[in-house]
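# Remarks on the overall topology
Spelled out from the first residue to the last, the chains are:
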Amino acid sequence: MIQLIAEIGQAHEGSLGMAHAYIAAAAKAGATTVKFQTHIANAESSNYEPFRIPFTTQDASRFAYWKRMEFSLEQWKELKAHCDELGVEFMSSPFSNAAVDLLEEVGVERYKIGSGEVTNFLLLERIVQTKKPILLSSGMSSYKELDATVAFLANKKADFSILQCTTAYPTSPKNYGLNVLAELKERYRVPIGFSDHSSSIAACIAAATLGAELLEFHVVFDKQQFGPDVSSSLNFKEVATLVQSVRLIETALQYPVDKSDHSEYQALKNIFEKSLAVNKDLAAGHVLTFEDLEAKKPKGYGIDACKFKEVMGKKLSRDLQQWDFLTKEDLK
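Residues numbered from 1 in each chain as written. Predicted model: local features only at pLDDT ≥ 70, side-chain atom pairs only at ≥ 80, totals over all residues. Heavy atoms only, no water.

Taking an unreviewed UniProt entry as the reference, the protein is identified by name as N-acetylneuraminate synthase family protein belonging to Lutibacter aestuarii.

Put into structure tokens, the structure is as follows:
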């Protein structure tokens, strides 16, 4: 089954209550996984870190922003318990080894690696030590960098998947990189997914059709609200539509159609396909031309319409009235 990962990220704005509200909304919309980001400012950042985009006036620095996004161990445990209660997987991306240590205490099942951490082998080493599956986002990585990371993980016998991702907020259609899905699957022979920043359900639907096994998308209650990822997020009405669409696509992909066998349509073909008829009164001996012919439903009452060339130039053996079907017996 295609996994549908609702990325809350920092949309909770540091509010535990809002984080719980997001879990409930994502579960209700049909997400299989609710994903957060675990930031421990002192371990991952510094006052030198610049803002990616100017979105906040309440935080003096990016470091201060990460500090505001922190939850305590007990709060993280509360969030996971809420996910367990609603039957969705709790997941979070760590951005430091300290965050991995915390999430191990929380009890995550898998780890998502953000695009900026793909070359952070220190972090990857710590996660590999947990022996838990890894979802690797490829947004900022070249194939050379991915090759190195894949080799590192493979050498450690890690269980990992790779997500095609474009690190642009929001991502325009010309940058979805849907072609990369097949390239990743062919190159690395591991499960492939798609991490979306487009603010549209189209990219994930296309990715599902192209064989993505995991779909990740940012979520937000309202696209007018505050935050760095709002412009690249889906609202929950869109999430529900996406989930429904993906499940339909998933069913369709499980039942390939044999186009060489159309026997089940024979009755319908007899209704909708047509027989040749004449479009005017014609006397016996008349030599039929293209301009004399029409095709009328149903099939089987005259010569098949596809054989019109075979009757052109033939003489009529009897008089025909306008709209009479044309049969073999009518031809000399």
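After that view, the rundown keeps rolling.
A few words now on the packing of helix 7 (residues 143–155) against helix 8 (residues 179–188). With their axes 12 Å apart at the nearest point, helix 7 and helix 8 run at an angle of 40° to one another. Here helix 8 runs oblique to helix 7, going by the angle between their axes. In this structure, helix 7 crosses over helix 8, and the sense of that crossing is right-handed. Residues Tyr143, Leu146, Asp147 and Val150 of helix 7 form the contact with helix 8, whose participating residues are Val180, Glu183, Leu184, Arg187 and Tyr188. (Axes fitted to C-alpha atoms, helices over the stretch in contact; angles between N-to-C directions. Helix = DSSP H or I, 4+ residues; strand = E, 2+ residues; numbered from the N terminus. Parallel < 35°, antiparallel > 145°, perpendicular 65-115°, else oblique. Left-handed = near helix turned anticlockwise from the far one by under 90°. Contact = heavy atoms within 4.5 Å.)

A few words on the packing of aromatic side chains. Taken as a whole and judged by the stated rule, the model has 11 aromatic pairs. Here the aromatic rings of Tyr22 and Phe221 are separated by 4.3 Å at their centres, their planes lie at 35°, and the arrangement is tilted. With Tyr22 in helix 1 (residues 16–29) and Phe221 in the loop between strand 8 (214–218) and helix 10 (236–254), this residue pair connects regions lying 199 residues apart in the sequence. Between the aromatic rings of Tyr22 and Phe236, the centroid separation amounts to 6.0 Å while the plane-to-plane angle is 50°, which identifies the pairing as tilted. Linking Tyr22 in helix 1 with Phe236 in helix 10, this pair joins segments that are 214 residues apart in sequence. Like Tyr22, the residue Phe236 is buried in the burial classification. A network of ring pairs unites the aromatic residues Phe36, Phe71, Trp76 and Phe90 as a single cluster. Directly above the ring of Tyr143 sits Arg187, whose terminal nitrogen or CZ lies 4.3 Å from the centroid. Residue placement shows Lys296 over the ring face of Phe325; its charged tip is 5.1 Å from the ring centre. (Phe/Tyr/Trp six-rings, centres within 6.5 Å; stacked < 30°, edge-to-face > 60°. Buried < 20%, exposed > 50% of the residue type's maximum accessible area, 1.4 Å probe, protein only. Lys NZ or Arg CZ within 6 Å of the ring centre and 35° of its normal.)

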